[in-house]
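The chain contents come next:
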Amino acid sequence: MKHEFVIDKLKESGYSDNEVNLIIDGLSANKVTTFRVNKLKSNKEEIKNILDDLGIEHSAVNGFSDAFILDNYCQSDGFDSKTGLRIEPFSFYKEGKIYVQSLSSMMPVYVLDAKDKENILDMCAAPGSKATMIQSISHNKVNLTAVELHKDRYEKLCHNAKLQGANMLLVNKNSLDIDDMFKFDKILLDAPCSGSGILNLSNERYRKYYTDELISKCVNTQKKLIKKAYKLLNKGGTLIYSTCSLLKVENEDIVDFAIKNGFSIDFCKLGFSINRLSTGSSIDENVYIKVFPDKIWEGFFVAKLIKV
């Protein structure tokens with residue numbers, strides 16, 4: 001059986017045969033490209049006009065106020081199938097007016113709902129997708145600290161922050177080593193995970209790294225980061241926990257662990273709905289958000305926790 005290890009892990013997470021098939025089909029789909037407008041440097045109307053002038057077909061996204069889908073721009077090919085154009089050489093890309101990002105990756109920022117002058121920590125910030133999105137939406141009015149452990153990824157974070165004009169305190173260290181004297185109103189923890197929601201099943205090399213050892217290592221790190229986030233939050237503070245995994249041990253089980261360690265679960269609201277039928281997505285906004293992968297969406301999990 002192809003992808004037997006992935007299938008076994010999904011079944012261990014309680015998914016039905018039909019859901020497993022949906023996930024495997026979604027992971028195998030050719031992804032289109034999605035991006036958001038950087039409101040610090042441009043606006044939706046300007047970018048729409050540029051795409052129209054270039055003849056690049058695009059679609060708006062319900063609820064995602066600044067996002068576009070490039071209808072014929074397949075990620076694996078890297079160019080628009082109708083025009084043959086790549087977006088990378090164009091000035092609107094090189095000047096940081098847009099940021100290529102999956103719709104799923106944008107969801108935690110919407111749930112975070114950052115307010116002006118709030119002190120917010122992004123614990124695992126590289127390459128800066130969510131951190132720069134926070135500042136794009138808030139027009140740099142959030143006091144944001146973005147932390148990244150690995151030097152090469154930290155440099156990518158710095159590059160993206162500078163390119164997009166996103167103001168934040170950039171820190172190259174392990175979030176676990178932040179002094180507990182620092183306190184934040186909100187924390188975004190897009191945790192290191194196995195990546196089961198974004199696996200490239202067409203590349204057999206994934207079998208070498210996608211192992212039980214990887215999953216166990218990720219779970220251990222996730223628990224440590226949850227406990228650290230509790231120490232760094234103000235009382236009543238908000239923690240947004242997200243992964244690009246669909247495994248119960250990295251998602252629902254970690255939420256249960258957080259609840260046992262001083263958090264309560266809160267209503268996880270996007271402010272808009274996702275059309276399940278058109279996206280193949282599964283979503284439960286009463287407790288958490290979980291999206292199945294397809295040609296537009298990446299597999300993703302988001303939960304909102306409150307320090308009590």
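A brief look at the structure comes next. In this text the structure is predicted, and so the values were computed from the model without any measurement.

Before going further, it helps to examine helix 10 (residues 252-260). Those residues of helix 10 not exposed but buried are Glu 252, Ile 254, Val 255, Phe 257 and Ala 258. Check the buried side of helix 10 and you find it contacts helix 9 (212-232), strand 9 (233-243), strand 10 (263-266), strand 11 (288-291) and strand 12 (300-307). A positive phi of about 100° marks Gly 262, the residue just after helix 10.

As for its placement among the helices and strands, Phe 267 is situated in the loop between strand 10 and helix 11 (276-279). In sequence terms Phe 267 and Ser 196 are 71 residues apart; their C-alpha atoms lie 25 Å from each other.

Let us look at the nonpolar core. Within the largest apolar cluster, 42 residues are counted, with the highest numbers of intra-cluster contacts made by Leu 10, Ile 187, Leu 189, Ile 226 and Leu 239. Those elements that provide at least two residues to this core are helix 1 (4-12), helix 2 (17-28), strand 8 (184-190), helix 9, strand 9, helix 10 and strand 12. The element best represented in this core is helix 9, accounting for six residues. Ignoring sequence-local partners within four residues, the contact set of Ile 187 consists of Leu 112, Leu 121, Met 123, Ala 229, Leu 232, Leu 233, Thr 238, Leu 239 and Ile 240. In this structure, Val 111, Val 142, Met 168 and Cys 244 belong to the second largest nonpolar core, which totals 38 residues.

Taken as a whole and judged by the stated rule, the model has 18 salt bridges. The closest approach of N and O atoms between Arg 207 and Glu 204, which form a salt bridge, is 2.4 Å. Within the structure, one salt-bridge network assembled from shared partners comprises Glu 4, Glu 204 and Arg 207.

With that settled, the discussion passes to the sheet that holds strand 4 (residues 98-100). In space, the four strands of this open sheet follow the order 2-3-1-4, with antiparallel pairing throughout. Strands with a single pairing partner mark the edges of an open sheet, and in this sheet they are strand 2 (58-61) and strand 4. In this sheet, adjacent strand axes meet at a mean angle of 30° when their direction is disregarded. When strand 2 meets strand 3 (residues 64-74), the two strands line up antiparallel, connected through four bridges. Residue pairing in the sheet places Ser 59 in a bridge with Ile 69 of strand 3.

Rules and cut-offs
- Residues numbered from 1 in each chain as written.
- Predicted model: local features only at pLDDT ≥ 70, side-chain atom pairs only at ≥ 80, totals over all residues.
- Heavy atoms only, no water.
- Buried < 20%, exposed > 50% of the residue type's maximum accessible area, 1.4 Å probe, protein only.
- Helix = DSSP H or I, 4+ residues; strand = E, 2+ residues; numbered from the N terminus.
- Contact = heavy atoms within 4.5 Å.
- Core = buried A, V, L, I, M, F, W, Y, C linked by side-chain atoms within 4.5 Å.
- Salt bridge = Lys/Arg side-chain N within 4 Å of Asp/Glu carboxyl O.
- Pairing = 2+ DSSP bridges.
- Axes fitted to C-alpha atoms, helices over the stretch in contact; angles between N-to-C directions.

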